[in-house]
Amino acid sequence: MANLNFSCVACGKCCHDLRLPLTRNEAIDWIARGDTVELLCEALPWLEEPEPSNLHALHKRRRSFASMSGNLRIRVIVILTAIYVGPCPNLDEDFRCRIYATRPHVCRVYPAEINPLIALAPANKLCPPEAWVSSVPLVRDDQVVEPEAKLHIALSRDEDEHEALFKQRLCAELGIGSAGLSNEGFAIHAPAAELLLKALRNEARAEHQSNPSWTIVSNQAATVDALRAAGADSALSSNTSTGSSRYVGFRADAAVAGKAGS
Ligand code: SF4
Ligand code: SF4
(Lines give C-alpha, C1' and ligand atoms only; values in the text may rest on other atoms or scores of the structure.)
(Ligands and ions follow the chains in the order given, each with its own letter.)
Protein backbone atom coordinates (compact mmCIF):
# COMPACT_ATOMS: atom_id res chain seq x y z
CA MET A 1 0.00 0.00 0.00
CA ALA A 2 1.36 3.37 -1.02
CA ASN A 3 1.73 6.34 1.26
CA LEU A 4 2.84 9.66 -0.22
CA ASN A 5 3.46 13.09 1.24
CA PHE A 6 3.42 16.12 -1.00
CA SER A 7 3.68 19.92 -0.98
CA CYS A 8 3.52 21.98 -4.15
CA VAL A 9 6.70 24.01 -4.65
CA ALA A 10 5.07 26.28 -7.25
CA CYS A 11 7.49 25.36 -10.05
CA GLY A 12 4.75 25.92 -12.65
CA LYS A 13 5.64 22.82 -14.67
CA CYS A 14 2.11 21.41 -14.55
CA CYS A 15 0.78 24.68 -15.98
CA HIS A 16 2.59 24.14 -19.31
CA ASP A 17 1.76 21.97 -22.33
CA LEU A 18 -1.73 21.29 -21.12
CA ARG A 19 -4.60 19.07 -21.91
CA LEU A 20 -6.98 20.20 -19.15
CA PRO A 21 -10.36 18.47 -18.89
CA LEU A 22 -13.02 20.98 -17.85
CA THR A 23 -16.56 20.75 -16.53
CA ARG A 24 -19.34 22.58 -18.33
CA ASN A 25 -19.16 25.60 -16.01
CA GLU A 26 -15.37 25.64 -16.09
CA ALA A 27 -15.48 25.59 -19.90
CA ILE A 28 -17.97 28.49 -19.92
CA ASP A 29 -15.63 30.54 -17.68
CA TRP A 30 -12.59 29.52 -19.76
CA ILE A 31 -14.13 30.72 -23.02
CA ALA A 32 -15.62 33.83 -21.42
CA ARG A 33 -12.08 34.87 -20.46
CA GLY A 34 -11.17 34.70 -24.17
CA ASP A 35 -9.43 31.33 -24.12
CA THR A 36 -10.02 28.20 -26.21
CA VAL A 37 -11.97 25.04 -25.41
CA GLU A 38 -12.18 22.01 -27.71
CA LEU A 39 -14.16 18.78 -27.57
CA LEU A 40 -12.26 15.47 -27.50
CA CYS A 41 -14.52 12.62 -28.61
CA GLU A 42 -13.89 8.90 -28.28
CA ALA A 43 -16.20 5.98 -29.04
CA LEU A 44 -16.36 2.48 -27.60
CA PRO A 45 -18.18 -0.42 -29.28
CA TRP A 46 -20.67 -1.51 -26.59
CA LEU A 47 -22.07 -4.92 -27.42
CA GLU A 48 -23.14 -5.81 -23.89
CA GLU A 49 -23.21 -4.35 -20.42
CA PRO A 50 -20.05 -5.01 -18.38
CA GLU A 51 -19.80 -7.36 -15.43
CA PRO A 52 -19.74 -5.59 -12.03
CA SER A 53 -16.13 -6.73 -11.67
CA ASN A 54 -15.06 -4.90 -14.85
CA LEU A 55 -14.10 -1.61 -13.21
CA HIS A 56 -12.51 -0.13 -16.35
CA ALA A 57 -15.69 -0.62 -18.39
CA LEU A 58 -17.90 0.67 -15.56
CA HIS A 59 -15.74 3.77 -15.26
CA LYS A 60 -16.11 4.44 -19.00
CA ARG A 61 -19.82 3.74 -18.83
CA ARG A 62 -20.36 6.32 -16.10
CA ARG A 63 -18.84 9.14 -18.13
CA SER A 64 -20.32 8.25 -21.54
CA PHE A 65 -23.66 8.21 -23.34
CA ALA A 66 -25.22 5.47 -25.44
CA SER A 67 -25.50 5.96 -29.20
CA MET A 68 -25.09 4.15 -32.53
CA SER A 69 -22.48 4.09 -35.25
CA GLY A 70 -24.32 2.70 -38.25
CA ASN A 71 -25.68 -0.59 -36.90
CA LEU A 72 -23.15 -0.88 -34.08
CA ARG A 73 -24.07 0.00 -30.50
CA ILE A 74 -21.50 2.33 -29.03
CA ARG A 75 -20.90 4.64 -26.10
CA VAL A 76 -19.30 8.03 -26.62
CA ILE A 77 -17.13 10.01 -24.21
CA VAL A 78 -16.88 13.74 -24.83
CA ILE A 79 -14.29 15.75 -22.90
CA LEU A 80 -14.36 19.54 -22.85
CA THR A 81 -10.67 20.37 -22.94
CA ALA A 82 -8.29 23.31 -22.86
CA ILE A 83 -5.24 22.36 -24.95
CA TYR A 84 -2.07 24.45 -24.93
CA VAL A 85 1.49 24.07 -26.11
CA GLY A 86 3.56 26.21 -23.74
CA PRO A 87 2.19 28.06 -20.72
CA CYS A 88 -1.44 28.19 -19.66
CA PRO A 89 -2.94 31.58 -20.52
CA ASN A 90 -3.72 31.99 -16.81
CA LEU A 91 -0.11 31.59 -15.67
CA ASP A 92 1.64 34.84 -14.81
CA GLU A 93 5.35 35.65 -15.11
CA ASP A 94 5.97 34.58 -11.50
CA PHE A 95 4.39 31.15 -12.11
CA ARG A 96 1.28 32.13 -10.18
CA CYS A 97 -2.19 31.28 -11.36
CA ARG A 98 -4.24 34.39 -12.19
CA ILE A 99 -7.50 32.50 -11.52
CA TYR A 100 -6.26 30.65 -8.44
CA ALA A 101 -9.51 31.04 -6.46
CA THR A 102 -11.61 29.64 -9.30
CA ARG A 103 -9.14 27.34 -11.06
CA PRO A 104 -10.56 24.09 -12.47
CA HIS A 105 -10.94 20.91 -10.41
CA VAL A 106 -8.14 19.21 -12.30
CA CYS A 107 -5.70 21.98 -11.27
CA ARG A 108 -6.69 21.58 -7.62
CA VAL A 109 -6.24 17.83 -7.77
CA TYR A 110 -2.80 17.64 -9.41
CA PRO A 111 -0.64 15.59 -8.92
CA ALA A 112 -3.34 13.17 -7.69
CA GLU A 113 -5.34 11.24 -10.28
CA ILE A 114 -9.03 11.84 -11.00
CA ASN A 115 -9.33 8.47 -12.77
CA PRO A 116 -9.97 5.94 -9.96
CA LEU A 117 -8.19 3.22 -11.90
CA ILE A 118 -4.84 5.01 -12.17
CA ALA A 119 -2.55 4.83 -9.16
CA LEU A 120 -0.59 7.98 -8.41
CA ALA A 121 3.06 7.46 -9.40
CA PRO A 122 5.46 10.35 -8.73
CA ALA A 123 7.63 9.19 -11.65
CA ASN A 124 4.75 9.98 -14.01
CA LYS A 125 4.28 13.49 -12.65
CA LEU A 126 5.98 16.76 -13.44
CA CYS A 127 6.58 17.75 -9.81
CA PRO A 128 10.27 17.95 -8.83
CA PRO A 129 11.73 15.61 -6.17
CA GLU A 130 11.61 18.25 -3.43
CA ALA A 131 7.80 18.44 -3.72
CA TRP A 132 7.58 14.85 -2.47
CA VAL A 133 9.75 15.57 0.58
CA SER A 134 7.01 16.97 2.74
CA SER A 135 5.19 16.36 5.99
CA VAL A 136 1.77 16.84 4.38
CA PRO A 137 -0.05 13.55 3.71
CA LEU A 138 -1.42 13.21 0.18
CA VAL A 139 -2.01 9.44 -0.09
CA ARG A 140 -2.53 6.86 2.64
CA ASP A 141 -3.08 3.19 1.76
CA ASP A 142 -3.52 4.17 -1.92
CA GLN A 143 -6.32 6.63 -1.06
CA VAL A 144 -6.04 10.38 -1.51
CA VAL A 145 -6.46 11.93 1.94
CA GLU A 146 -5.46 15.56 1.38
CA PRO A 147 -8.82 17.34 1.89
CA GLU A 148 -8.85 19.70 -1.10
CA ALA A 149 -7.65 17.10 -3.59
CA LYS A 150 -10.11 14.56 -2.18
CA LEU A 151 -13.03 16.99 -2.46
CA HIS A 152 -12.26 18.05 -6.01
CA ILE A 153 -11.66 14.49 -7.20
CA ALA A 154 -15.18 13.66 -5.98
CA LEU A 155 -16.70 16.80 -7.52
CA SER A 156 -14.95 16.23 -10.82
CA ARG A 157 -16.10 12.59 -11.05
CA ASP A 158 -19.68 13.54 -10.17
CA GLU A 159 -19.86 16.34 -12.73
CA ASP A 160 -18.24 14.16 -15.38
CA GLU A 161 -20.99 11.58 -14.88
CA HIS A 162 -23.86 14.03 -14.64
CA GLU A 163 -22.81 15.99 -17.73
CA ALA A 164 -22.62 12.99 -20.10
CA LEU A 165 -26.15 13.40 -21.47
CA PHE A 166 -25.75 17.16 -21.66
CA LYS A 167 -22.70 16.59 -23.88
CA GLN A 168 -24.71 14.30 -26.14
CA ARG A 169 -27.17 17.13 -26.81
CA LEU A 170 -24.33 19.66 -27.04
CA CYS A 171 -22.69 17.66 -29.84
CA ALA A 172 -26.00 17.35 -31.69
CA GLU A 173 -26.54 21.10 -31.48
CA LEU A 174 -23.01 21.79 -32.74
CA GLY A 175 -23.21 19.21 -35.54
CA ILE A 176 -20.42 17.12 -34.02
CA GLY A 177 -20.71 13.45 -34.99
CA SER A 178 -17.27 11.87 -35.21
CA ALA A 179 -15.16 10.24 -32.53
CA GLY A 180 -11.88 8.36 -32.37
CA LEU A 181 -11.88 4.71 -31.36
CA SER A 182 -11.17 4.51 -27.63
CA ASN A 183 -7.52 3.72 -26.85
CA GLU A 184 -6.53 4.54 -30.47
CA GLY A 185 -7.10 8.27 -30.61
CA PHE A 186 -9.46 11.23 -30.38
CA ALA A 187 -11.47 13.22 -32.86
CA ILE A 188 -10.98 16.80 -31.71
CA HIS A 189 -13.57 19.40 -32.59
CA ALA A 190 -12.97 23.12 -32.26
CA PRO A 191 -16.21 25.02 -32.80
CA ALA A 192 -16.09 28.81 -32.97
CA ALA A 193 -15.87 30.19 -29.43
CA GLU A 194 -19.12 32.15 -29.65
CA LEU A 195 -21.05 29.14 -30.90
CA LEU A 196 -19.63 26.85 -28.25
CA LEU A 197 -20.26 29.37 -25.47
CA LYS A 198 -23.86 29.83 -26.56
CA ALA A 199 -24.40 26.07 -26.74
CA LEU A 200 -22.77 25.49 -23.34
CA ARG A 201 -25.07 28.09 -21.80
CA ASN A 202 -28.17 26.74 -23.53
CA GLU A 203 -30.53 25.44 -20.84
CA ALA A 204 -33.51 25.22 -23.19
CA ARG A 205 -32.16 22.53 -25.50
CA ALA A 206 -34.66 19.79 -26.30
CA GLU A 207 -34.11 16.83 -23.97
CA HIS A 208 -34.40 14.32 -26.79
CA GLN A 209 -31.87 16.03 -29.07
CA SER A 210 -29.13 13.60 -30.04
CA ASN A 211 -26.96 12.57 -32.97
CA PRO A 212 -28.55 9.52 -34.72
CA SER A 213 -25.26 7.96 -35.81
CA TRP A 214 -21.60 8.64 -35.10
CA THR A 215 -18.68 8.11 -37.45
CA ILE A 216 -15.77 6.34 -35.78
CA VAL A 217 -12.54 7.80 -37.10
CA SER A 218 -9.15 6.10 -37.15
CA ASN A 219 -5.76 6.58 -38.77
CA GLN A 220 -5.47 2.79 -39.07
CA ALA A 221 -6.95 1.29 -42.24
CA ALA A 222 -7.25 -2.10 -40.52
CA THR A 223 -9.36 -0.53 -37.76
CA VAL A 224 -11.68 1.14 -40.25
CA ASP A 225 -12.10 -2.16 -42.10
CA ALA A 226 -12.85 -4.05 -38.88
CA LEU A 227 -15.37 -1.44 -37.71
CA ARG A 228 -17.15 -1.45 -41.05
CA ALA A 229 -17.28 -5.24 -40.97
CA ALA A 230 -18.98 -4.94 -37.57
CA GLY A 231 -21.62 -2.62 -39.04
CA ALA A 232 -20.16 0.69 -37.90
CA ASP A 233 -19.92 3.92 -39.84
CA SER A 234 -16.14 4.39 -39.92
CA ALA A 235 -13.72 6.56 -41.87
CA LEU A 236 -10.02 7.21 -42.20
CA SER A 237 -8.96 10.35 -40.35
CA SER A 238 -7.21 11.67 -43.47
CA ASN A 239 -10.65 11.95 -45.05
CA THR A 240 -12.49 13.58 -42.15
CA SER A 241 -10.23 16.42 -40.96
CA THR A 242 -11.61 19.88 -41.63
CA GLY A 243 -10.76 23.39 -40.51
CA SER A 244 -12.51 22.81 -37.19
CA SER A 245 -11.92 19.07 -36.72
CA ARG A 246 -8.77 17.00 -36.51
CA TYR A 247 -7.68 13.58 -35.36
CA VAL A 248 -4.94 12.76 -32.89
CA GLY A 249 -3.95 9.10 -32.93
CA PHE A 250 -1.76 7.27 -30.45
CA ARG A 251 -0.05 5.40 -33.30
CA ALA A 252 1.48 6.60 -36.58
CA ASP A 253 -0.85 6.69 -39.57
CA ALA A 254 -1.38 3.32 -41.26
CA ALA A 255 -3.78 4.27 -44.01
CA VAL A 256 -2.47 1.97 -46.71
CA ALA A 257 -2.24 -1.36 -44.95
CA GLY A 258 -5.91 -2.23 -45.24
CA LYS A 259 -8.70 -1.78 -47.74
CA ALA A 260 -10.38 1.25 -46.21
CA GLY A 261 -11.30 4.00 -48.62
CA SER A 262 -13.00 7.27 -47.78
S1 SF4 B 1 -5.63 27.47 -14.60
FE2 SF4 B 1 -4.03 28.11 -13.19
S3 SF4 B 1 -3.45 26.24 -12.07
FE4 SF4 B 1 -4.59 25.60 -13.90
S5 SF4 B 1 -3.03 25.22 -15.47
FE6 SF4 B 1 -3.69 27.34 -15.71
S7 SF4 B 1 -2.25 28.54 -14.48
FE8 SF4 B 1 -2.06 26.42 -13.84
S1 SF4 C 1 4.38 20.55 -11.10
FE2 SF4 C 1 3.84 19.94 -9.00
S3 SF4 C 1 5.19 21.19 -7.70
FE4 SF4 C 1 5.16 22.14 -9.73
S5 SF4 C 1 3.50 23.67 -9.64
FE6 SF4 C 1 2.61 21.78 -10.43
S7 SF4 C 1 1.79 20.74 -8.60
FE8 SF4 C 1 3.24 22.27 -7.88
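Residues numbered from 1 in each chain as written. Chains lettered and ligands numbered in written order. Predicted model: local features only at pLDDT ≥ 70, side-chain atom pairs only at ≥ 80, totals over all residues. Heavy atoms only, no water.

An unreviewed UniProt entry lists the protein under the name YkgJ family cysteine cluster protein, from Dyella jejuensis.

## Examining the packing of helix H5 (residues 164–174) against helix H6 (residues 193–201)
Two measures define how a pair of helices packs: the angle their axes make with one another and the distance between the axes. To be explicit about the condition: For helices, the fitted line uses only the C-alpha atoms of the stretch in contact; every axis is such a line through C-alpha atoms, and the angle between N-to-C directions lies from 0 to 180 degrees. Here a strand is any run of E in DSSP of at least two residues, a helix any run of H or I of at least four, and the numbering for each starts at the N terminus. Roughly parallel refers to an angle under 35 degrees, roughly antiparallel to one over 145, roughly perpendicular to one between 65 and 115, and oblique to any angle outside these ranges. With the far helix as reference, a near helix turned anticlockwise by less than a right angle produces a left-handed crossing, and one turned clockwise produces a right-handed crossing. Any two residues whose heavy atoms approach within 4.5 Å at even a single point are treated as in contact. Ten residue types, Ala, Val, Leu, Ile, Met, Phe, Trp, Tyr, Cys and Pro, are classed as nonpolar, four, Asp, Glu, Lys and Arg, as charged, and the remainder, Gly among them, as polar.
Orientation of H5 relative to H6, taken along the N-to-C sense of each, is 140 degrees, at an axis distance of 10 Å. Accordingly, the angle class assigned to the pair H5 and H6 is oblique. Considering only the axes of H5 and H6, their crossing is right-handed. Mapping the contact onto sequence places Phe166, Leu170, Glu173 and Leu174 in H5 and Leu195, Leu196, Ala199 and Leu200 in H6. Looking at the contact of H5 with H6 residue by residue, the class counts come to seven nonpolar, no polar and one charged.

## Digging into the pattern of salt bridges
Test applied: We define a salt bridge as a side-chain nitrogen of Lys or Arg found within 4 Å of a carboxyl oxygen belonging to Asp or Glu. Exposure categories follow from relative accessible area, calculated using a 1.4 Å probe and restricted to protein chains: below 20% of the type maximum is buried, above 50% is exposed, and the middle band is partly exposed.
Per the counting criterion, the structure on display carries 12 salt bridges. A salt bridge links glutamate 49 to arginine 61, with the shortest nitrogen-to-oxygen separation between them at 2.5 Å. Of this pair, glutamate 49 sits in the loop between strand S3 (38–45) and helix H2 (55–62) while arginine 61 is found in helix H2, placing the two residues 12 residues apart along the sequence. Residue classification places glutamate 49 among the partly exposed positions, given a relative accessible area of 39%. Arginine 61 sits in the partly exposed class, given a relative accessible area of 32%. Here glutamate 148 makes a salt bridge to arginine 103, at a shortest N to O gap of 3.7 Å. Within this pair, whereas glutamate 148 is found in helix H4 (residues 147–162), its partner arginine 103 is found in the loop between strand S5 (72–87) and helix H3 (105–109), the two being separated by 45 residues in sequence. Connected through shared salt-bridge partners, Arg63, Asp160 and Lys167 make up one network.

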